[in-house]
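The primary structure of each chain is shown beneath.
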Amino acid sequence: MTRLSASRMHHLPQSVKQSAYDRASCGVGILHLGIGAFHRAHQAVYTDDILAEAGGDWAICGVSLRQRTVQEQLDPQDGLYCVVERDGAGDNCRVIGAVTETIFAPGDPAALVARMADPAIRIVSLTVTEKGYCHDPASGQLKLDDPGIVQDLKAPATPSTAIGYLVAGLAARWRGGIAPFTVMSCDNLPHNGRMLAGLVKAYAQELDPSLSDWIEREGAFPSTMVDRIVPATTDEDRTAIRELLDLEDEAVVVCEPFRQWVIEDRFTMGRPAWETAGAQLVEDVAPFEDMKLRLLNGSHSMLAYLGYLAGYETVAETMANPDFEKLVRRYMDEEATPTLALPGGVDIEGYKDQLIERFRNPALKHRTWQIAMDGSQKLPQRLLSVIRQQLKAGGPFEIAALTVAAWMRYVTGQDERGGAIDVRDPLAGRLASLAAETGSTPTALVGSYLGVEEVFGDDLPNAEAFRTAVEASVSHLYEMGARQTVAKHVAS
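Source: prediction; values computed, not measured.

Engineer: How would you summarise the overall build of the chain if you had to cite specific residues and measurements?
Structural biologist: A tally of helices and strands in the chain yields 20 helices and twelve strands. Its C-alpha atoms give the chain a radius of gyration of 23 Å, near enough to 23 Å, the size a compact globule of 492 residues would have. In terms of overall dimensions, the chain has C-alpha extents of about 65 × 55 × 45 Å along its principal axes. When each of the 492 residues of the chain is scored for burial, the buried share is 58%. Here the analysis covers contacts within the chain between residues at least 6 apart in sequence; of these, 78% occur between residues at least 24 apart. Carbon and sulfur atoms form 48% of the exposed surface of the chain, whose accessible area is close to 18,700 Å². Of the charged side chains in the chain, 46 are positive and 67 negative; the average position of the first set lies 1 Å away from that of the second.

This is the structure:
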């Protein structure tokens, strides 16, 4: 079947929204590292709105750092793809045209560095997931012994990591007397701009202290908070869009209707007027980051590990069990909310109500297994920060500790029925080895996993109340399973 493309746009059904702007007249001003489904359903949608309203040189060059898949999906379609917003009321479909160029970085690293050095590129943004930052999640510091970082420092002109590419591009501009592009993280990391600035400067310091000083003096790393639930696209989704369009769209993305983007307004060479498309430009993103990481992402991890162990495939299926919904609400109300310091005017109760509705969305097939990926990178920001603050304040953290226990049970690699779990995590091999060495005795397993310093740091292993709570929850998970353990928690 014919693919979606610029020449086929006039054949689309009237129900499919398309922005009427001249893509050819919009120069590329944004280069995005990690052009996966989330970027295409979030930042690219906001930018498409801006281009449709006012034009300008803010089109996107999308970069794949690992696989050629997205380039193979987009290039035959002239960069066009559909975003399908899905909820219980039905689907709304629109075509996004903001991506006008793609690069597969491993195919020609030097070409990507040269593109980043182009003065036309004013913003380089990233969605490379937590593990793509080559950092220690517990401390936020660059791992100079990371194999990718070690290799990039040996051959800085042809890097392979996101950090290596950022510094190579900035170094080329520094040598050429060109102002630095703004570096904008759009990943779920606390204080992501400040953290990324530290990683970039630490790497640059290894190459040339003068380069690091220039980045410190002239650069900008605005923090952001991004929010939209975007499950992995399925064959069923591709079939549905084929039937709607009578065309193939290999790059279609399915998401919820809700979207939010909070941005620290600090840029070196200007920016699109994203606020006219609904983004919030603020002086301090931190309160919004904490709210999202601890309420949405923390709850998501809870539903992922406990839901998977309980045999539920999706978040909506998990939330259909009233005990799991009660657990989420109690965690948000009793444990996470007291750790937040929000500016005036934020309707925190309304936000939590909205999260419950979003998690219930039956039309969104967000798999628990997908959310469970890379837990060793996610737990410190999503849940351990809540636990640390509650330990300090003498507040409750038992549900957060249960989630940590569920993660420990999950990463052993064996589910409650004795089947194998396909654990996707940078530390998966090490975690499996630790489980094999210690067995499933709760005290031994918890003690072994708490020794993973890059996850738990050096403080939590010595927090007796935390250790005791996790050990008790691991025991319950092995003795009675996830469903009964959750029921026990909400009944107490």
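Engineer: Can you break down the nonpolar core residue by residue, with the values?
Structural biologist: Grouped together as the largest cluster of nonpolar side chains are 91 residues, with contacts concentrated most on L306, M408, F456 and F466. Leaving out residues up to four positions away in the same chain, L306 has contacts with F324, L327, L402, A406, L477, A482 and V486. Counting 75 residues, the second-largest nonpolar core is a separate cluster that includes L31, L112, A168 and V253.

Engineer: I'd like to hear about the layout of surface pockets, residue by residue, with values.
Structural biologist: The space that makes up the second largest pocket amounts to roughly 440 Å³. P137, S139, G140, P190 and H191 are, among the 21 residues lining the second largest pocket, the residues nearest its centre. Sorting the residues of the lining of the second largest pocket by element identifies α7 (192-207), α10 (286-309) and α15 (375-393) as the ones contributing at least two each. Looking at which element gives the most residues to the lining of the second largest pocket, the answer is α7, with five residues. A class-by-class count of the residues in the lining of the second largest pocket yields nine nonpolar, eight polar and four charged.

Engineer: Go over helix α2 (residues 43-54) with me, naming the residues and quoting the values.
Structural biologist: A rise of 1.5 Å per residue sets the reference length of α2, with its twelve residues, at 16 Å; its end C-alpha atoms lie 17 Å apart and thus fit the reference within 8%. In the stretch just after α2, G55 is the one whose phi turns positive, near 65°.

Basis of the calculations
- Residues numbered from 1 in each chain as written.
- Predicted model: local features only at pLDDT ≥ 70, side-chain atom pairs only at ≥ 80, totals over all residues.
- Heavy atoms only, no water.
- Helix = DSSP H or I, 4+ residues; strand = E, 2+ residues; numbered from the N terminus.
- Rg over C-alpha atoms; globule rule 2.2 N^0.38 Å.
- Buried < 20%, exposed > 50% of the residue type's maximum accessible area, 1.4 Å probe, protein only.
- Contact = heavy atoms within 4.5 Å.
- Areas by Shrake-Rupley, 256 points an atom, 1.4 Å probe, with all protein chains shown as cover.
- Lys, Arg positive; Asp, Glu negative; His and termini not counted.
- Charge placed at Lys NZ, Arg CZ, Asp CG, Glu CD.
- Core = buried A, V, L, I, M, F, W, Y, C linked by side-chain atoms within 4.5 Å.
- 1 Å grid on protein atoms, 1.4 Å probe; cavity = no way out; pocket = protein on both sides within 12 Å on 5 of 7 lines; lining within 4 Å.
- Points joined across faces, edges and corners; volume = space filled by probe spheres on them.
- Nonpolar A, V, L, I, M, F, W, Y, C, P; charged D, E, K, R; others polar.
- Expected span 1.5 Å × (residues − 1).

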